[in-house]
Amino acid sequence: MANAKSSQKPSAGHAPAGTGSNPPAYRYKKDDDDDAESSSPPLPVPWWFNPATAELFHSLPMEDDDVIVSSGVKMGTSWLTNLLVSLLYEYDDDGKLISEAVANREKIPGRLGQTYPDSLYPTRAAKDADEQGIYKRMPQGRKILDDVFGDFVWEDLVRQPRPRMFASHLFGRKYLPRELFDDDEDAKRKGKGRLIVVVRNLKDTMCSLHNFRGTAIDGWLGNEHGPGSFRRWVTLDGCPNAMGSAFHWVREAGAAVEHIGKERALVVHYESLILNFAAQLVRINSFLGLPDLAEAKARAIEVACSLDTMASSNLRTRRNCRKGGICGWRDIEVGDDLWAEFDDTFNEVLAGVEMAEPMRFFQWKDVPGRPPSSSRGCDADADPRKWPSYLLVMLKEGMVVPDLYFLGKDRPTPTTEFRSSLYSSEPSLDFDARNVDGSSRYHLFLSASCPLASAVGAARSLLGLEDAITVDVADGQSSAGWVFLNGSTCPPWKGREGPFWLYEAYQLADPLCTTIISVPVLFDTVTQKIVSNDSWEVIKLISGGASRTDFNVWRNPPGVIAKEGLFPIGTVDDAEKMFSHLQANLFTPTETAGVECLRSGNAESPIVIEARKKVFKSLEELEGLLGQNRFLLGNDVTAVDIHLATFLFAFDACYYDAHALRMTEGNHGPVLTGDGHPNLKAYSREMYRLLKSTLNFASFRHGFRLAHAVSLTRQSYSRYTVSAGKLTSSLDEELPDLNDIVSSLEVPAGDRPSCPLKESAPPPNKIKCEGVPMPFFFRQDSYNIFRDMDVMEDDIFLSSGVKMGTTWVNKILNTLLHDFDEDGNKVTSHSDDSLPNRLGQSYPEAMPPTREVEQQEREQGKGKKWDIAKTIFGDFTLDDLLGQTAPRLFSTHLFGQRMLPTKLFDVRKTEKNQEPLGKRSFSHKGKGRLIVVVRNLKDTLVSLHHFQGVPKDGWYGNEHGPGSLRRYLDVDDCPNAYGSTFNWVKASAAAVNDIGPERSLVICYEALKNNFDAQLRRINDFLGLPPLSKAKTQAISEACSAKNMKTQTGARFKSMVRKGAIGDWTNYLDEIHWEKVDRTFSKVLSGVELAEPLRFFQFEDIPGMPLLSAKECDLNTDPRSWPPPLLVKLREGMIVPDPYFLNKNTPQSTVVPTQFKSTIRPECYLRLEETGNDGSPRFHLFLAGSCPLASSVAAARILLGLENLISMDTSDGQSGAGWVFLKGVTCCPWKEREGPFWLYEAYQLADPLCTTSISVPLLWDTVAQKIVSNDSWEIMKMLSGAASDLGFCSSPDDVLHVIAKQDQNSNIPTLFPDCMEQDIEQMHVSTVKPLLDGVETGFEYLRNGYVETQLVLEGRNKVFVMLEELEELLGDRSFLLHNLTGVDVRLAFCLLQFDACYWDKFELRSSEKYRGPILTGDIYPNLKAYLKGMYRLMKPAVHFESFRQLYRLGHAIEFTRQSYSRSAVASDKALNGMKKELPNLNDIVSSLA
């Protein structure tokens, strides 16, 4: 048996009995196969095979531009070789032959036909001597080989001009040049050159080999000469054919391609070359990195590579040129049983091999899964579940392949976006243009079973465009996608018999497209391109065209469609937003609920459950909207109505059952045949009347075929089969009754709401101040006096937005200042009704200036207006307000520096002067204090809407006005009293910033509601009052409760006190309208610090929640696909964005951060024997497996054996409110509450006014309900001290052998022995802290938009300098200080995260000092051994799957900036980071074993 050395020969022997036309079975076995003889049999090779040059080929020193062509036997080797020669060497851009290349054809290997490396001798001397005896194996052996491969030797092949080309039937990593591949052992040695693999469907390949140089003498099925071509072909391990089994060849070649990657490996399918040579030529040209292919050169190459040209040329391979058609195997009478055996062999070997997937399409005798009848032949009783099942496919580089999504993989990124270049602000089609045969230029491919495509068909009919746009409707899905059984009426397929498959249109438009084969398709028959395959865009295009053409024949009742088409003027933006909302919250979740459930084998994952809930929540929102609107956007049918209506029809007919939506807990049943959605049902009936002629309810049932299609696709294309469970076994289940559905729609719709809208409405009166609308009671004269008043140092100005809590805070201030003594007793020095502001606020802008002025106005008949105001503000004048006893209180809705007293603010002026410098400067320091009250703007809107009864114009508007919502959102011209609330907040924020924190205070209404006592103390401190006693606090709290305020005798504010609940806005409007509020908020208030806490209360659901709990994650979980969290902190007890991540120049808050450091110092220890009120441990830890500092605390708890003495909860990850525990926590006082629990709640309970990062770890005292510490290093010391104080040992046995002891005479384990305290601190400061600091410059890198600042570069280098020092230090010891201490625990977790995320996410590998990973490399053997030992001791505390949560950080930063900042620019690196491969955690864990 031969090896790869040139001195030895391949074993000749004789062929096994009955090999027929197969030559003698020469075998090739490499030297490096000797240890694996049983598992790696020798490779059958042709008689001319030379093992010496095969080994030289395997050892070939590669150049970057080398091209290796690996082609299976009879798969198109000669054709592709000739193509490459023509492309690389022989033609110029004008399509002319290069004379020098022609002259050298005979002299250079491979130019007149492929020259296989393994067919040559190494040197001319070896060839002349025939050292291997190859030429003796066949009569005239040398002449035959020279005729086929040329008179060349290996040296000639190696010395060919660059770029060198090597063509061979050798395959895979085992036989191709090793330098073509990346080195597995040396990560720095990357492969060189390019690989082109040529493959062909294996049935045609077998037939071609059978007929190669005459029909095989042993026939197809065998005779006395051998087993026959078919039997040899399907023999896998013992296949005697040259190069062995073609099935194995494809598998190994595919593995080589995957290893090399798409940048340096290209698969060329023989069939694609035949079907579209020009496109494949362009593809190959691009792959080789050549200049753009000139049209003349491309034409010349196509001619040179045609069968006629090659067969008549002087190519040595001309005798090998056969017709090479596609699917010629179908003409071979082998028998269906044998072809089935062939398919079974294909599945056994090649299921799941990506390169083999396109072959199947050409190995079908008939496309499986075709509908048995056309869609027109189906009626309401047709059951498509009984039709043949089909495969779910897509196009990848123009080839029909399985849809990877249904095989549990990610779909490849589409290479072609079929979107219209005509799509502009006024999209339109030219319906006057015609095809050459006079037919319509534009053609639609639709399917009645797809609601989106049905919507396009309905729009065509509504707009009367039947003569302007022709249409074909698919009969259903097949294993080649949408099929039209009777053919198509669209050129260029018009005269062809059916069937027609939609993929043909996609291939014609872009032969190399990667895309889903979806409907609708709008096709341009003139350019033969796809205009668009997006239903929304198609309707926009045809609607724009309809409004500009004579084809516009309105066929619907007047007033239903506007003259501008389906996008009336003024509704385009709203229509776009509404469609996006429906797409995100109804259409896509419906698809997700069904498809995701099916592809996961009927597993009801969190994604499926959440999608189902979202569907019914969206339906409820629409139910509310359509109770007030006739159609979605008013009185006209728009494109978004058509999309919604067709969806609703399909919902009852299919989705509710086929997508298992009925399984949603609390759903209200189907829309059309149930009673849970009366407004949607009435709306659907009216839309049905308009769209009836375009609908085919029987086709909606095609959705019930999907379950079997998923199952068949997995059985056919995957090595594993996941049944779709009960959804695939539902053939006996009754389908929805289509007759009942249609009958329910035939009922008259009845009266539908009408909502004509006014463009704008004036304010209640025409009074304005500083350009801002004012209420009826506003007085300009009083306002002027108020603006110019003398302000005293202790004056208090309360500026509150309308319906933001003015009445309440006014009551709080008066009560705090006047009503109670320190013992909580009522002070009665003044009666409540004798002073302004006491029984309700008295606005200065509403008071008559003096009694004299009031009397004069009454005498002039103007007193009635002020009598009304008096009932609200009391019988007072501005003089009364100004004459209040100090401290004076002024309550108002006036706001900002433009409207509040000028002397409240600092004034800086510069005036011209006659002095030499010509100018003089002077300033006036402001006096008094400003308190601004704000409330989240959604609750404010609801409260304003309901103030003193619901307004006549409602939410959305009617004949009485534009409606509360529209008025509220009109920032520039809001007619509401005191103008736009958004502008109010913005101007108030500017005033607060101007005055500064010493004289201004912002009170959030929500903070008052959530913790009244804490906010009262805050107000008290701000006003410089004596510390509040507990009795006074309680008295004020009771007096200011809503119950007491509503019943207070004589109070004018009774009617203004509402429930004031937080989040009440969620009970009104719908998501799409609240999104408008969010957009306006972001537009006006992004970057406004005062507004930041409001956002938290404007979330309906906390964004960025983890999709899986920590326990549900495994080593393959990729959290990058989860929603990104917001990065937040607490500022005075309120959740706000973390300014660190908003902008590198963001100034830090003036509020001093709260320090949660223990008053129980480490030397005092914790008393772990104490328990809480319920008998559980007194002390509790909140941790996160993704944080190395928190994980080190968890490890210390285990190492010290404290699991039963300190309870613990581990977070599931970050959310838009910080660390979240999805299932709740086990700690008092929250243990009985259902999840989720957010860690900020513990911080707020410990200190309601804290300003801090919401960080882990957190050590909680359940008795005192306070935070003991949130410093990991301090907590570890506490735990260690407490463990020593117990006086007994609870550490695991393996830990006891290595952990430090308190002293030489003690067996009590500790991580911080007193005798080593200084050494531990020094080691921590000199090693661990610099390493952590260096790693944390990764945060700086991310927050700066992936910019490598000097700080980042220095930080990265610091990391690797420290790793080198640690590597050296650990060369002679097992632990940093010889025994296990706390500093080892801290270091170990930092290093464990290094391989799992730091080096990749923080781009540490970009450092010039980077040498490779720690655990999966061999650069740091001492560190690696150290970590293995530490991992063994701490394993229960190590959660590699949680380490990956760090990969959410980049998107979290982008999301936070987009949400809170005016200048939010998404980073390309952040977006690309979603696609790159993550470090393999399985490899990392394996390295630690």
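Everything numeric in this text was worked out from a predicted model, so none of it was measured. (Residues numbered from 1 in each chain as written. Predicted model: local features only at pLDDT ≥ 70, side-chain atom pairs only at ≥ 80, totals over all residues. Heavy atoms only, no water.)

## Let's talk about the overall build of the protein
Helix and strand content of the protein: 54 helices and 33 strands. Sorting the 1489 residues of the protein into buried and exposed places 58% on the buried side. Within the protein, residue pairs in contact and separated by at least 24 positions form 73% of the contacts whose partners lie at least 6 positions apart. Working note: accessible area of the protein is about 61,800 Å², and carbon and sulfur atoms make up 49% of it. (Helix = DSSP H or I, 4+ residues; strand = E, 2+ residues; numbered from the N terminus. Buried < 20%, exposed > 50% of the residue type's maximum accessible area, 1.4 Å probe, protein only. Contact = heavy atoms within 4.5 Å. Areas by Shrake-Rupley, 256 points an atom, 1.4 Å probe, with all protein chains shown as cover.)

## Overview of the sheet that holds strand 24 (residues 1128-1131)
Taking strand neighbours across the sheet as the criterion, the three strands line up as 25-24-31 in an open arrangement whose pairing is antiparallel. Of all strands in the sheet, those with a lone pairing partner are strand 25 (1134-1137) and strand 31 (1252-1253), marking the two edges. (Pairing = 2+ DSSP bridges.)

## Structural notes on helix 27 (residues 780-787)
Along helix 27, the residues that are buried comprise Ser782, Tyr783, Phe786 and Arg787. With its buried residues spanning 135° around the axis, helix 27 presents them on a single face. Buried positions along helix 27 lie against strand 16 (768-769), strand 18 (796-800), helix 31 (878-882), strand 19 (889-892) and helix 32 (896-899). (Arc of directions from axis to C-beta.)

## Comments concerning the nonpolar core
Soluble, globular proteins show a tendency: their nonpolar side chains are buried together. Membership of the largest hydrophobic core comes to 370 residues, with the highest contact counts inside it found for Leu202, Phe649, Phe1182, Met1434 and Phe1440. Discounting residues that sit within four places of it in the chain, Phe649 has contacts with Leu672, Ser684, Met687, Tyr688, Leu691, Leu695, Phe697, Phe700 and Leu745. Judged by nonpolar contacts, the second largest core, of 31 residues, contains Leu87, Ala167, Ala298 and Ala300. (Core = buried A, V, L, I, M, F, W, Y, C linked by side-chain atoms within 4.5 Å.)

## Thoughts on the confidence of the model for the protein
Interpreting fine coordinate detail is not advised for predicted regions of low pLDDT. When pLDDT is averaged across the protein, the result is 83; 86% of the residues are at 70 or more. The low-confidence segment residues 720-729, where pLDDT is below 50, has 24 contacts with residues more than four positions distant or belonging to other chains. Here residues 1144-1149 is a poorly scored stretch, pLDDT under 50, and it has seven contacts once near neighbours within four places are set aside; other chains count. (pLDDT = per-residue confidence, 0-100.)

## Brief notes about the pairing of strand 15 (residues 529-532)
In terms of strand pairing, strand 14 (residues 521-524) meets strand 15 through three bridges, oriented antiparallel. From the neighbouring strand, Phe523 faces strand 15, where its bridge partner is Ile530.

## Describing the packing of aromatic side chains
Throughout the structure, instances matching the rule amount to 65 aromatic pairs. Between Phe57 and Phe166 the ring centres are 6.2 Å apart and the planes differ by 40°, which places this aromatic pair in the tilted class. In this pair, Phe57 is assigned in helix 1 (residues 51-58) and Phe166 in strand 4 (residues 165-168), connecting sequence segments 109 residues apart. Residue classification places Phe166 among the buried residues on the basis of a relative accessible area of 0%. When the ring of Phe631 is compared with that of Tyr683, the centres are 6.4 Å apart and the planes differ by 65°; the resulting orientation is edge-to-face. With a gap of 52 residues between them, Phe631 in the loop between helix 21 (606-625) and helix 22 (639-658) and Tyr683 in helix 23 (residues 678-691) connect regions that are remote in the sequence. No difference in accessibility class separates Phe631 from Tyr683, as the two residues are buried. Three or more aromatic residues joined by ring pairs make a cluster, and in this case those are Trp536, Phe567, Phe579, Phe587, Phe616, Phe647, Phe651 and Tyr655. Lying over the aromatic face of Tyr26, Arg137 brings its terminal NZ or CZ to 4.7 Å of the ring centre. The aromatic ring of Trp1065 is capped on one face by Lys938, whose charged end is 4.2 Å from the ring centroid. (Phe/Tyr/Trp six-rings, centres within 6.5 Å; stacked < 30°, edge-to-face > 60°. Lys NZ or Arg CZ within 6 Å of the ring centre and 35° of its normal.)

## Examining the packing of helix 49 (residues 1382-1401) against helix 50 (residues 1421-1434)
Contact geometry for helix 49 and helix 50: axes closest at 10 Å, N-to-C directions at 110°. In terms of orientation, helix 49 lies roughly perpendicular with respect to helix 50. Contacts between helix 49 and helix 50 involve Asp1384, Val1385, Leu1387, Ala1388, Phe1389, Leu1391 and Leu1392 on the former and, on the latter, Leu1423, Tyr1426, Leu1427, Met1430 and Met1434. (Axes fitted to C-alpha atoms, helices over the stretch in contact; angles between N-to-C directions. Parallel < 35°, antiparallel > 145°, perpendicular 65-115°, else oblique.)

## Things to note about the packing of helix 50 against helix 54 (residues 1481-1488)
The N-to-C vectors of helix 50 and helix 54 enclose an angle of 90°; their axes lie 9 Å apart at closest approach. Between helix 50 and helix 54, the crossing angle belongs to the class labelled roughly perpendicular. Taking contact as the criterion, the partners of Leu1427, Lys1428 and Tyr1431 in helix 50 are, on helix 54, Val1485, Ser1487 and Leu1488. Residue composition of the contact of helix 50 with helix 54, by class: four nonpolar, one polar and one charged. (Nonpolar A, V, L, I, M, F, W, Y, C, P; charged D, E, K, R; others polar.)

## Things to note about unusual backbone geometry
Cis geometry is found at the peptide bond from Gly498 to Pro499, where omega equals 0°. If you trace the backbone, Pro499 turns up in the loop between strand 12 (481-484) and strand 13 (500-501). With an omega of 10°, the peptide bond running from Cys1228 to Pro1229 counts as cis. The topology assignment puts Pro1229 in the loop between strand 29 (1218-1221) and strand 30 (1237-1238). Despite not being glycine, Gln140 shows a phi value in the positive range, around 55°. Inspection of the secondary structure puts Gln140 in the loop between helix 4 (124-129) and helix 5 (141-149). Residues other than glycine seldom take positive phi values, yet Glu397 does so here, at roughly 50°. In this fold, Glu397 is placed in the loop between strand 7 (393-396) and strand 8 (399-402). Look at Glu397 and you get partly exposed, because its relative accessible area is 36%.

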